[in-house]
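Structural features, examined
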Amino acid sequence: MLPPFPELFEGSDHEQVQLIQEPSIGLYAVLAIHDTRGGPAFGGIRRLAYRSIGEAIRDALRLSEAMTQKCLMARVPGGGGKGVVVDHPGLDLTAAYRLIGRYVENLGGRFYTGPDVGTGDAELLLLRDSTRFVTVPGSEGPGDLAAATARGVLAGLHAVLSFLERSDSLSAEFAEHTFAVQGLGSVGYLVAQALAQAGAQVTAADPISERAARARDELGIEVIHDGDLFDLPCDVFVPCALGGILHDLTIERLRCRAVAGSANNLLASPEHAASLASRGILVAPDYVINSGALILGANFHLTGGREHGAAIDAIGDELFELFGWANSEGIPPPVLADRIAADRLRKRRSVASFFPEPFASNREDPK
Ligand code: NAD
């Protein structure tokens, strides 16, 4: 084992990290491939105002590793990748996405990319100008990814309620239960809509006032200031906004029995799983409950199929089983999920990385 170099990569076991710099169009980006021993890497492109290229690299490493965990838990035959782009006023968006597409194309199918924060339909179509290996919206693509994620979250919420009610099957209904939905964007709105339609009592928040007003008017739900949502007494807090929202200050404020939603990297740090457990709050591991879009997108790229409702609904069964297992082990579910994913990854140790044709013939088991 080589000593960690440089410090940025300490603890990282990524297969490939590519730095893309094109100052003439203001482009500073990173493509990270964590693991392809199960198949090609999947992961979207995140565009954020990172303060340094170091911060962007760290985020790419963390997010691509989480995609591997997501694939392992959903048993998707693939691994984790991620692109990150440093957003700033000097970035020429059109040229940047087209150029990133060429880098993705150059990987020959080792990495399939798609949407993420800052990369929506318009950016995906720019990527598509220069690569085949991107998930596109509309009839050419796999379908509505946010709807797939929302479907998985709803399946997960059934598991959460059933576990809280000590049921021996996924029999709990949403009606009569109370939910606090954080974020009314692509996923949060659909989740709030389904919960409200099922007779649940839903309170939601979004700092974008048009989104909050639309949910109040169309769904008839109560909308409150986003800063107040953590303090709301409810059965389940449903985070569908940003990651890193559960930390010392917010965990103390929560008045819920469980946290389960689509937000990626929910815990500010892994130790917060224990803080939540000590407050008796059940947490659905983020990369298990939010894997609906990955299941739909990856299966579309691998098989051309679009219908994966049953696999997405199975997220509920997986979570229900995970909660029971974690309970019997006396550990928080996110800790158990990390252990299971790490164990499944270790079992791939003797398998070589994925290289698509025509490079596949180079795929030999490592010595
Ligand atoms: P989105 O950008 O469409 O919506 C996020 C919403 O959260 C926005 O309306 C934003 O205003 C709101 N928000 C931001 N800060 C908030 C706060 N403090 N309180 C309340 N609302 C706040 O994003 P999305 O596609 O709906 O994804 C939501 C989350 O789920 C993200 O963390 C994303 O990474 C994760 N996720 C999404 C998908 C998918 O298919 N879209 C898949 C997996 C994971």
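Refer to the structure printed above.
Structural notes, computed from the coordinates. For clarity, every value in this text was computed on a predicted model and none was experimentally measured. (Residues numbered from 1 in each chain as written. Predicted model: local features only at pLDDT ≥ 70, side-chain atom pairs only at ≥ 80, totals over all residues. Heavy atoms only, no water.)

**A word on the nonpolar core**
In plain terms, the rule: Buried Ala, Val, Leu, Ile, Met, Phe, Trp, Tyr and Cys residues that are joined via side-chain atoms within 4.5 Å together make up what is termed a nonpolar core. Working definition: with a 1.4 Å probe on protein chains only, accessible area under 20% of the residue-type maximum means buried, over 50% means exposed, and in between means partly exposed. Each helix is a run of H or I in the DSSP string that is no shorter than four residues. Each strand is a run of E no shorter than two, and both are numbered from the N terminus. Between two residues, a contact is recorded if the distance between any of their heavy atoms is within 4.5 Å.
Judged by nonpolar contacts, the single largest core of 84 residues is most densely connected at L27, L157 and L195. When residues of this core are assigned to their parent elements, the largest contribution, 11 residues, is made by helix α4 (residues 145-164). Residues within four places of L27 in sequence aside, it is in contact with I20, Q21, E22, V85, L91, A96, L99 and I100. Counting 19 residues, the second-largest nonpolar core is a separate cluster that includes L229, C234, F237 and A273.

**Some remarks on the site of the ligand**
For clarity, the threshold we go by: Put simply, a residue is near a molecule or strand once any heavy atom of it comes within 4 Å of that molecule or strand. Think of a polar contact as two N or O atoms within 3.5 Å of one another; within protein, one of them needs to be a possible hydrogen donor and the other a possible acceptor, and neighboring residues in sequence only count if both atoms come from side chains. Three classes are used, and their members are as follows: Ala, Val, Leu, Ile, Met, Phe, Trp, Tyr, Cys and Pro are nonpolar, Asp, Glu, Lys and Arg are charged, and the others, Gly among them, are polar.
Residues in close proximity to the ligand total 23 residues, the closest being T149, D206, R211, A241 and S262. Within the side chain of T149, an N or O atom sits 2.7 Å from an oxygen atom of the ligand. Between the ligand and the protein, one listed contact pairs an oxygen atom with a side-chain N or O atom of S262 at 2.8 Å. Contributions of two or more residues to the shell around the ligand are made by α4 and α5 (186-197). Looking at which element gives the most residues to the shell around the ligand, the answer is α4, with 3 residues. Considered class by class, the residues forming the shell around the ligand number 11 nonpolar, 8 polar and 4 charged.

**Here we look at the pairing of strand β8 (residues 201-205)**
Consecutive side chains along a regular strand alternate between the two faces of the sheet. Short version of the rule: Two strands are counted as paired when DSSP detects at least two bridges linking them. Every crossover in which the path from the first strand over the helix to the second runs clockwise, viewed with the strands pointing away from the viewer, is termed right-handed.
Where burial is concerned, most of β8 is hidden: 4 out of the 5 residues are buried. Here 5 bridges tie strand β7 (residues 178-182) to β8, and the two strands are oriented parallel to one another. Bridge assignment links F179 to a residue of β8, and that residue is V202. Traced from β7 through α5 to β8, the parallel crossover comes out right-handed. Pairing of β8 with strand β9 (residues 222-223), which is carried by 2 bridges, proceeds in the parallel orientation. Counterpart to A204 in the pairing with β9 is V223.

**Some words on the pairing of β7**
Within β7, 4 of the 5 residues are buried, leaving the element largely enclosed by the surrounding structure. Here 4 bridges tie β7 to strand β10 (residues 236-239), and the two strands are oriented parallel to one another. Within β10, the residue paired with V181 across the bridge is V238.

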